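The residues making up each chain are set out below.
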Amino acid sequence: MPIEIDFFLNNINYIGAMVLFVIGLYTVLTHPNLIKKVIGINIMETSVFLFFVSIGFISGANAPIVEQGQAAETVVNPLPSAMILTGIVVAIGVTAFALSLIVKIHEAYGTIELDEIMQIRSAEKND
Amino acid sequence: MNDLIVKMTTKLVLPFIQLYGIYVIIHGHLSPGGAFPGGAIFATSIVLFTIVFGLRIGQKRLPHHVSSKLETSGIFVFIVFGLTGILMGYQFLTNQEAGFPMGEWGRVFSAGFIPIITFALGIKVMSAVVTLFHTMMEEE
Amino acid sequence: MTKIFTFLMLGGLLFVLLTSITELPTFGESYAPAHNEISNHYIEQGPEDTNSPNLIGAIITDYRAFDTLGEATVLFTAIAAVVAILGVVHHKQDKGDNHE
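- Going by an unreviewed UniProt entry, chain C carries the name MrpA C-terminal/MbhE domain-containing protein and comes from Natronobacillus azotifigens.

- If you look chain B up in an unreviewed UniProt entry, it shows as MnhB domain-containing protein from Natronobacillus azotifigens.
- As recorded by UniProt, the Subcellular location (unreviewed entry) comment attached to chain B reads in full: "Cell membrane".
- Under the UniProt heading Sequence similarities (unreviewed entry), the note attached to chain B is "Belongs to the CPA3 antiporters (TC 2.A.63) subunit B family."

Spelled out as structure tokens, the structure:
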């Protein structure tokens, strides 16, 4: 199948979600700063939310604020949006938990850079 | 933070943020929004107050024992209104069949227990975010 | 060296993800399998069942309210975990002794 420019334009939400996922994974993998790792996890979560909400979209349809007796095709699918709300709450919980762990790590080691923490730990082990 | 402009702007903007949060919570079953965004907006106002005026004054405005009771009462209202469905002979969290008044289409007081549960959840989310923020600020 | 390997791995992952779009239904089509009888039921029967114009509010607080109760529990668990880790004592006399 030859890939055309319309293919990218029609699926721009999916492509954006996947690029965002890879950007978040790059941040988690390469940055030694723990807070930047948490930000990367948040970017990955956002990409999953974007992908999930995009599945329920119908082109030309309105937001699911309906009148009585409205046809189903004139309104986007409300189910993925309602489910993503649970995901957002879980993301808040995970972020708060990770940040509190980082506060404790900063208390114990005096830094939040992962390579410095590794040096301190190996020095402690050699003593 | 000892800046006069920041303090005066915060004092001016704060009631409007809180009014908007309460509006989003109360109209949760009529317009875009609901318990979680409204509670987050309301919590943002208290977080802004704590950032500008310091932790001591911010905690005096919403102390920990008050916010914990607000959170518990929010989830308590949710469960009590859910148990009403069982008392009326239906399942947990039954709305229309359990005899809640449905009201007129498009009014604030309509749709059975949805506005009540939205309000309780909004208060719960607000106190949850404020408690998270105050607990992390206290560590400094 | 590590950086080149990371870029190769992430580029491969991006390539795999992007090629999977050809198997997905086109963005915005109304015949996609996500728009099945469940969402049609919510859109058509929701106004009669719940008398609420906001369908998402109707779903999260009426049809799937038990799920929302679990969401509230998740928030409560997050607060409990944060307070347990940070170990803040919320008694006034203890706080005065420790922090000042």
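**Concerning the packing of helix H4 (residues 78-109) of chain A against helix H4 (residues 65-86) of chain C**
Each pair of packed helices gets described by two things: the angle between the helix axes and the distance between those axes.
Point 1. Orientation of H4 of chain A relative to H4 of chain C, taken along the N-to-C sense of each, is 5°, at an axis distance of 9 Å. On the basis of their axis angle, the class for H4 of chain A and H4 of chain C is roughly parallel. Contact residues: Leu85, Thr86, Val89, Val90, Gly93, Ala96, Phe97, Ser100, Leu101, Val103 and Lys104 of chain A in H4 of chain A; Asp67, Glu71, Val74, Leu75, Ala78, Ala81, Val82, Ile85 and Leu86 of chain C in H4 of chain C.

**Description of the UniProt feature "domain: MrpA C-terminal/MbhE" (unreviewed entry) in chain C**
Point 1. Taking the numbering used here, the UniProt-annotated feature "domain: MrpA C-terminal/MbhE" (unreviewed entry) corresponds to residues 32-86 of chain C.
Point 2. Between the C-alpha atoms that bound residues 32-86 of chain C there is a distance of 47 Å. The span itself is 82% helix and 0% strand.

**What to know about the nonpolar core**
Point 1. Membership of the largest hydrophobic core comes to 29 residues, with the highest contact counts inside it found for Phe36, Phe78, Leu93, Phe113, Ile117 and Leu121 of chain B together with Leu75 of chain C.
Point 2. Of all the elements in the fold, those that place two or more residues in this core are H4 of chain A, helix H2 (35-53) and helix H5 (114-138) of chain B together with helix H3 (55-63) and H4 of chain C.
Point 3. The leading source of residues in this core is H4 of chain C, at seven residues.
Point 4. Beyond its immediate sequence surroundings of up to four residues, Phe36 of chain B is in contact with Leu85 and Val89 of chain A, Leu121 and Val125 of chain B together with Thr68, Glu71 and Leu75 of chain C.

**What to know about a nonpolar patch on the surface**
Residues and elements named next belong to chain A.
Point 1. Nonpolar side chains collect at one region of the surface, where Ile5, Phe8 and Leu9 lie side by side and expose about 320 Å² of accessible area between them.
Point 2. Within the fold, Phe8 resides in helix H1 (residues 5-10).
Point 3. With relative accessibility at 37%, the residue Phe8 sits in the partly exposed group.

**Some words on the side chain of Thr86 of chain A**
Point 1. Its place among the elements puts Thr86 of chain A in helix H4.
Point 2. At 3.1 Å, the side chain of Thr86 of chain A and the side chain of Glu71 of chain C are in polar contact.
Point 3. Those residues in contact with Thr86 of chain A that sit more than four places away from it in its chain are Asp67 and Glu71 of chain C.

**Brief notes about the interface of chain A and chain C**
Point 1. In this complex, chain A contributes 48 residues to the contact, which on the side of chain C involves 45 residues.
Point 2. Taking both sides of the interface into account, the surface hidden between chain A and chain C amounts to around 4,100 Å²; carbon and sulfur atoms contribute 79%.
Point 3. Run the count over chain A and chain C and you get zero salt bridges.
Point 4. Applying the counting criterion to the chain A and chain C interface returns six residue pairs in polar contact (both at pLDDT 80 or more).
Point 5. At the level of elements, H1, helix H2 (12-30), helix H3 (34-55) and H4 of chain A are the ones that each hand at least two residues to the side of chain A that touches chain C.
Point 6. At 16 residues, H4 of chain A tops the list of elements feeding residues into the side of chain A that touches chain C.
Point 7. Among the residues forming the side of chain A that touches chain C, the class breakdown is 32 nonpolar, 14 polar and two charged.

**Details of H3 of chain C**
Point 1. In terms of residue burial, H3 of chain C counts as a mostly covered element, since seven of its nine residues are buried.
Point 2. Of the residues making up H3 of chain C, those classed as buried are Leu55, Gly57, Ala58, Ile59, Ile60, Thr61 and Asp62 of chain C.
Point 3. Buried residues belonging to H3 of chain C abut H4 of chain A, H5 of chain B together with helix H2 (37-50) and H4 of chain C.

**Side note on H3 of chain A**
All names here are of chain A.
Point 1. For H3, with 22 residues, the first-to-last C-alpha span of 32 Å sits near the 32 Å given by 1.5 Å per residue.
Point 2. At its buried positions, H3 is contacted by H2, H4 and helix H5 (114-126).
Point 3. One side-chain oxygen of the residue at the start of H3 lies 3.1 Å from the amide nitrogen of Ile35, identifying that residue as Asn33.

**As for the packing of aromatic side chains**
All names here are of chain A.
Point 1. Per the stated rule, a full pass over the model turns up eight aromatic pairs over all chains.
Point 2. A centroid spacing of 5.4 Å and a plane angle of 55° characterise the contact between Tyr14 and Phe51, whose relative ring orientation is tilted. Remark: Phe51 occurs in helix H3 and Tyr14 occurs in helix H2; sequence separation between them is 37 residues.
Point 3. Judged by relative accessible area, which is 24%, Phe51 ranks as partly exposed.

What counts, and at which threshold
- Residues numbered from 1 in each chain as written.
- Chains lettered and ligands numbered in written order.
- Predicted model: local features only at pLDDT ≥ 70, side-chain atom pairs only at ≥ 80, totals over all residues.
- Heavy atoms only, no water.
- UniProt positions renumbered as here; feature names shortened; annotations may be inferred.
- Axes fitted to C-alpha atoms, helices over the stretch in contact; angles between N-to-C directions.
- Helix = DSSP H or I, 4+ residues; strand = E, 2+ residues; numbered from the N terminus.
- Parallel < 35°, antiparallel > 145°, perpendicular 65-115°, else oblique.
- Contact = heavy atoms within 4.5 Å.
- Core = buried A, V, L, I, M, F, W, Y, C linked by side-chain atoms within 4.5 Å.
- Buried < 20%, exposed > 50% of the residue type's maximum accessible area, 1.4 Å probe, protein only.
- Patch = residues over 30% accessible without salt bridge, like charges linked within 9 Å, V, L, I, M, F, W, Y side chains within 5 Å.
- Areas by Shrake-Rupley, 256 points an atom, 1.4 Å probe, with all protein chains shown as cover.
- Salt bridge = Lys/Arg side-chain N within 4 Å of Asp/Glu carboxyl O.
- Polar contact = N/O pair within 3.5 Å; in protein donor to acceptor, adjacent residues only side chain to side chain.
- Buried area = accessible area lost by both parts, 1.4 Å probe.
- Nonpolar A, V, L, I, M, F, W, Y, C, P; charged D, E, K, R; others polar.
- Expected span 1.5 Å × (residues − 1).
- Phe/Tyr/Trp six-rings, centres within 6.5 Å; stacked < 30°, edge-to-face > 60°.

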